[in-house]
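# Breakdown of the fold
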Amino acid sequence: MDIRFAYAPPAWAWALGGFAILLLAVAAYRHARGRLSPPRWALLVALRALALVVVALILLRPVRMEPATAATGRAVAIVVDDSRSMQLPDAQGVESRLQRARQLVGGRLRPLLQGDFDLRVFAMSDTIREVPSEDALTGNGRGSDLGGAVTAMTERAAAGEFVGMVLISDGATSTPLPAALGTLPVFAIGVGVSGTAVDREVRDVSVSDVSVVDSLAEVTAHLVSHGARDVADVRLLENGRPIEVRQVRLPGNSQPVRERFRVAPARTAATVYTVEITEASGELTPVNNRGTVFVPAPGRPHPILILEGAPGFEHSFLTRTLKNDTGLDVDVIVRKGRSDRGEPTFYVQGAASRTAALVNGFPRTREELFRYAAVVLGNVEADVLSRDQIAMLLAFVEQRGGGLAIIGARSFGERGVIGTDLGRVLGVEARGAGAINAAAAASSRQGTRIDVTGIGQQHPVMQLDPGPEASGSPWSSLPSLAAAAAVGRTRPGAEILAMVSGPAGEPQPLVAVQRAGRGRTLVFTGEGAWRWRMGLPSTNLAYETFWRQALRWIAVQAPPPVAVELDPPALGVTVPVSVRVVSPTFEPISDAGVQVRVEEPGGTSRTITAALDPAEPGLYRASLLTLAPGVHRLDVDATRAGTSLGRTSLQVFAGGSDPEFIDPRRNDAVLRRLAESTGGALLRADGLDGLPQRIRTAAASPTARLVERDVWHNGWSFVIICALLGTEWALRRRWGLR
């Protein structure tokens, strides 16, 4: 007999508790020691200590672990998968998997088990429910929560309701199996065709970050063919309209092929892209032959602050470029010189609501700085910023999650800003003297010296459209830079996107990016990038594209004061919604009321409440279940004491993929894991003769199911406490104590 405590303290706590009980018992009779003989005094102390020990042991809840045998019940649960995948053909021919399951229940399991057990039939999909018979199964369930079904039946079995469970399913599960599946023995029977089936799939359709690459984006899809190798036509649709068709060779044997499509999403409205693959002859189902990805409409522009150390050509070209970008809202501070009183003067340009705080230059408070999503320092030397402003910039990147770009050769010089504490969040180190290379001279002899690295070729910052008339890399046609600053070593974790050659031909970083805390940083060591614009035809927008993408990349990750995160939901599957609420200085707020209004495609709306996550300040969580396919809009409103803390909106597309039909073949691996981890087994439909004995053996096995029986929860505990306290009271009165 295994007896243990449900709340078992460590050894040191046992010793400390015993010593404390002894002290309490002695303290209760400290004044009676001179009035009683030592044996009588010791007996009363022992009785009080024993009573306290019994109470303490009861509070620790002693339990006895014992196996739950078949004697606890006679019922067996027959759980049948009632999800949509059960409408697919069974291995035997044209009948569906659901029809095959009904035949197994009525024609095989009932005659086999009903003499020994009481049989109850349940329908399992995203929920589990009892049905009067197998004829009530419809095969219309939205998903397959196999793990949830086993967990729910295990909880009912713990109360003695069931001794075993028979599961009939194709093994398709739309939710992951939990690590612990319970101890109710499950005997699984698979239906449906296995590895010999023919089927084509479109999986994992995604789109690159269109908030960074404004003109072109990349739609990626994984194509899978279950069966022999073949060739299939693949179509790309934009808002339902075909825009590209290509032939793709599929290797077969379930090996995925990745296909990429270059697209140009609308800049003013949402876009839906769909990848379709033609249906194969004899295919299991065409439902999984398409996948959809959603590109939401552009949101609010990202506010960006640019600080220029001195007037120059770069400032003029850059501000002119960014002014026409609807995704960016730019404020500019240009250091001009000093007034007659020796005070620095600035030229400020930007939104009227923000420029009032910039008349004296760089922001002086966290709240003024943290309203921006990114900061650009162009040709800024260390004396332009105070220590407090540099500390604010570090907090802006690491805590607020903002972006920081350092550009211009003088920023990397001997007195450049790279030599301050800001250097720790940049991708490259300072180089002491910070010599500036005359790269233009070398470039004039050997052409443009910019080399995009392998990482840079895939990075969204470096994607330039070569145009129909160009050949080779678009970077090879750029005019030379005026100069490039020499920098030190690359920091761990940094990514070098482009290199430039110095006068001696040595490579050195030109573009480097780095993640720092919650934010991003970018360095551009070149000087005179405006020459690209002057030396290229007016139709070549390489200069504009690079800088817009670079600044969007550092700004796009910066969260607003109320930020919402949600993965694209599948129909019928509950997905988590996370809302993070912070103050204007980006301190977490844990006493807010967060409401999420969900507007569905048909126009109906509902409101859900997000609750605070006790493990993380400022983080609120809710759950969203979508049943209607299409675009859902989430409007999130956070308030505190009737005052709005901020609002944000998010659009998501539900039903872009259907996890119910990912690899629609019978999944024996899932069924075997589910059965064997619970003490059951995976059975063949023609091997059920020994099932009654298997259920009895598994239910009676000590390892099949252990249950807790409370030792203290009986009348004897009360009798013992009353006897100890009553005896102590009687002796006290007999010996003259009150």
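As the structure is a prediction and not an experimental result, all values here were calculated from the model. (Residues numbered from 1 in each chain as written. Predicted model: local features only at pLDDT ≥ 70, side-chain atom pairs only at ≥ 80, totals over all residues. Heavy atoms only, no water.)

## Some points on the overall build of the protein chain
What counts here: Under the DSSP-based scheme used, a helix requires at least four consecutive residues in state H or I and a strand at least two consecutive residues in state E, with every element numbered from the N terminus. Taken over C-alpha atoms, the radius of gyration is set against a globule rule of 2.2 Å times the number of residues to the power 0.38. We call two residues in contact whenever any of their non-hydrogen atoms come within 4.5 Å of each other.
The helix and strand tally for the protein chain stands at 15 helices and 35 strands. Relative to the compact-globule value of 27 Å for 738 residues, the protein chain shows a C-alpha radius of gyration of 36 Å, a clear excess of over 25%. Along the three orthogonal principal directions, the C-alpha set of the protein chain runs to about 105 × 90 × 50 Å. Look at the contacts in the protein chain between residues 6 or more apart in sequence, and 70% of them connect residues 24 or more apart.

## Some points on the pattern of salt bridges
To keep it simple, the criterion reads: For this analysis, a salt bridge means a side-chain nitrogen from Lys or Arg found within 4 Å of a carboxyl oxygen belonging to Asp or Glu.
The full count for this structure, using the stated rule, is 40 salt bridges. Aspartate 383 is the partner of arginine 335 in a salt bridge, and the nearest nitrogen-oxygen pair spans 3.8 Å. Residue arginine 335 is located in strand E16 (residues 328-338), and its partner aspartate 383 is located in the loop between strand E18 (374-378) and helix H8 (387-398); the two are separated by 48 residues in the primary sequence.

## Here's the deal with the environment of arginine 647
Mapped onto the elements of the fold, arginine 647 is located in strand E33 (residues 643-654). The contact partners of arginine 647, leaving out residues within four places of it in the chain, are Val562, Val636 and Asp637.

## Details of the sheet that holds strand E32 (residues 630-640)
Cut-off, in case you're wondering: A pair of strands is labelled paired if DSSP reports no fewer than 2 bridges between them. Lines are fitted to the C-alpha atoms to define the axes, a helix being fitted only along its stretch in contact, and any angle between axes, read from their N-to-C directions, falls within 0 to 180 degrees.
One open sheet accounts for 7 strands, arranged E27-E28-E31-E30-E29-E32-E33; its pairing is antiparallel. The sheet terminates laterally at strand E27 (562-565) and E33, the two strands that pair on one side only. For this sheet the average axis-to-axis angle between neighbouring strands, irrespective of direction, equals 25°.

## Focus: the side chain of glutamate 276
Note the threshold: For this analysis, a polar contact is any N or O atom pair within 3.5 Å, provided that within protein one partner can donate a hydrogen and the other can accept it, and provided that sequence-adjacent residues contribute only side-chain to side-chain pairs.
Within the element layout of this structure, glutamate 276 appears in strand E13 (residues 271-277). A polar contact is formed between the side chain of glutamate 276 and the side chain of arginine 235, at a distance of 2.7 Å. Here the side chain of glutamate 276 touches arginine 290 through a polar contact of 2.3 Å, side chain to side chain. Not counting residues up to four positions away in its chain, the partners in contact with glutamate 276 are Asp233, Val234, Arg235, Leu237, Asn289 and Arg290.

## Comments concerning the packing of helix H5 (residues 313-323) against helix H12 (residues 542-555)
Applicable threshold: Relative orientations are named as follows: roughly parallel for angles under 35 degrees, roughly antiparallel for angles over 145 degrees, roughly perpendicular for angles from 65 to 115 degrees, and oblique for any other angle. Polarity classes work like this: nonpolar for Ala, Val, Leu, Ile, Met, Phe, Trp, Tyr, Cys and Pro, charged for Asp, Glu, Lys and Arg, and polar for all others, with Gly in that last group.
One way to put it is that H5 packs onto H12 with a least axis distance of 10 Å and a crossing angle of 75°. In terms of their interaxial angle, H5 and H12 are classed as roughly perpendicular. When H5 is examined against H12, the residues Glu314, Phe317, Leu318, Thr321 and Leu322 are found in contact with a partner set consisting of Tyr543, Glu544, Trp547, Arg548 and Leu551. Across the contact of H5 with H12, the residue classes break down as 6 nonpolar, 1 polar and 3 charged.

## Here we look at the confidence of the model for the protein chain
For any part of a model where pLDDT is low, the fine detail of the predicted coordinates should not be relied upon. Using the following cut-off: Every residue gets a pLDDT, meaning the predictor's confidence in that residue, from 0 to 100.
Overall, the prediction assigns the protein chain a mean pLDDT of 85, with 93% of residues at 70 or greater. Between residues 68-72, whose pLDDT stays under 50, and residues either more than four places distant or in other chains, the model counts 10 contacts. Confidence over residues 433-448 falls short of pLDDT 50; this stretch has 42 contacts with residues more than four positions distant or in other chains.

## A closer look at the sheet that holds strand E4 (residues 118-124)
Pairing is mixed across the open sheet formed by 6 strands, whose spatial order is E5-E4-E3-E6-E7-E34. In this open sheet, the two strands that pair with only one neighbour each are strand E5 (128-131) and strand E34 (681-683). Taking each pair of neighbouring strands and ignoring which way they run, the sheet shows an average axis angle of 25°. Most of the contacts of helix H3 (residues 97-113) go to strand E6 (residues 164-169), to which it runs at about 155°, and overall it touches strand E3 (75-81), E4, E6 and strand E7 (186-190). Sheet contacts for helix H4 (residues 146-158): E3, E4, E5, E6 and E7; angle to E4, the most-contacted strand, approximately 145°.

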